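Structural description and commentary
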Amino acid sequence: HVQLVESGGGSVQAGGSLRLSCTFSQCNQCGMGWFRQAPGKENEFVVSISANGDRTLYGDPVLGRFTATRDNGKNTVYLQMNNLKPEDTAVYFCAAKDGIGLHTKAYGYNYWGQGTQVTVSS
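Description of the structure in this document.

Here is what the cut-offs are and how they apply
- Residues numbered from 1 in each chain as written.
- Predicted model: local features only at pLDDT ≥ 70, side-chain atom pairs only at ≥ 80, totals over all residues.
- Heavy atoms only, no water.
- Salt bridge = Lys/Arg side-chain N within 4 Å of Asp/Glu carboxyl O.
- Buried < 20%, exposed > 50% of the residue type's maximum accessible area, 1.4 Å probe, protein only.
- Helix = DSSP H or I, 4+ residues; strand = E, 2+ residues; numbered from the N terminus.
- Polar contact = N/O pair within 3.5 Å; in protein donor to acceptor, adjacent residues only side chain to side chain.
- Contact = heavy atoms within 4.5 Å.
- Disulfide = S-S within 2.5 Å.
- Phe/Tyr/Trp six-rings, centres within 6.5 Å; stacked < 30°, edge-to-face > 60°.

Turning our eyes to something else, we now look at the pattern of salt bridges. A full pass over the atoms with the stated rule returns four salt bridges. Arginine 36 is the partner of glutamate 44 in a salt bridge, and the nearest nitrogen-oxygen pair spans 2.6 Å. Its relative accessible area of 29% is what places glutamate 44 among the partly exposed residues. Among the residues examined, arginine 36 registers a relative accessible area of 5% and is labelled buried. Salt-bridge contacts for arginine 55 lead to aspartate 54; the nearest nitrogen and oxygen are separated by 3.9 Å. One connected set of salt bridges, linked through shared partners, spans Arg36, Glu44, Arg65 and Asp88.

Here it is, written out as structure tokens:
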């Protein structure tokens with residue numbers, strides 16, 4: 001059973017940066033993703049990264065500001081978030097899918113972490 005644990009959330013001012021981490025178990029051949037959910041809004045796709053980290057796909061709202069990487073030796077996926085905006089405020093979830101490829105929809109992922117809060121103030 002794959003387990004995911006996110007960390008690195010917090011509060012920053014607009015224009016600041018945060019790096020989220022997602023530590024996973026037994027999932028080096030899994031594609032991974034980050035999603036976010038703000039209060040009163042639907043779950044939103046942030047980024048998908050392939051099993052060996054050579055391919056990524058970003059949601060339009062974060063393109064050019066966020067970068068996903070992974071270190072399978074450390075069983076960790078990272079989300080570097082730069083130039084944060086108040087609209088980035090949300091709970092960020094790490095997700096893993098069976099299969100090595102990319103997926104932009106939440107239903108494509110089999111395993112989810114508990115989430116970590118990111119708050120960006122103006």
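Let's pick the thread back up.
Turning next to the side chain of threonine 76. Position of threonine 76 relative to the elements: it lies in strand 8 (residues 76-81). Looking at threonine 76, its side chain comes within polar contact range of the main-chain oxygen of lysine 74, at 2.8 Å. Discounting residues that sit within four places of it in the chain, threonine 76 has contacts with Ser21, Cys22, Thr23, Phe24, Arg70 and Asp71.

Put plainly, two cysteines are in a disulfide when a covalent bond ties their sulfur atoms together. This structure, assessed with the given rule, holds two disulfides. Between cysteine 22 and cysteine 94 runs a disulfide, and the two sulfur atoms are separated by 2.1 Å. Taking the sign of the S-S torsion, -75° for the link of cysteine 22 and cysteine 94, the bridge is left-handed. Here cysteine 94 lies in strand 9 (residues 90-97) and cysteine 22 lies in strand 3 (residues 18-24), a separation of 72 residues in the sequence. The class of cysteine 22 is buried, set by a relative accessible area of 0%. Disulfide pairing is shown between cysteine 27 and cysteine 30; the S-S distance is 1.9 Å.

The next subject is the packing of aromatic side chains. Under the criterion given, the structure shown has four aromatic pairs. Taken together, a centroid distance of 5.3 Å and an interplanar angle of 80° make the contact between phenylalanine 35 and tyrosine 109 edge-to-face. Highlighted residues: phenylalanine 35 in strand 4 (residues 31-37) and tyrosine 109 in the loop between strand 9 and strand 10 (111-112), separated in sequence by 74 residues. Grouping residues by exposure puts phenylalanine 35 and tyrosine 109 together as buried. Arranged with centres 5.2 Å apart and planes meeting at 50°, the rings of phenylalanine 35 and tryptophan 112 form a pair that is tilted. Of the two residues, phenylalanine 35 is situated in strand 4 and tryptophan 112 in strand 10; the sequence distance between them amounts to 77 residues. Relative accessible area serves as the criterion here: at 2%, phenylalanine 35 is assigned to the buried category. A residue is classified by how much of its surface remains accessible, and tryptophan 112, at 32% relative accessible area, is partly exposed. Ring pairs connect the aromatic residues Phe35, Phe45, Tyr109 and Trp112, which therefore count as one cluster.

Such coordinate-based values are descriptive only and should not be taken to indicate function.
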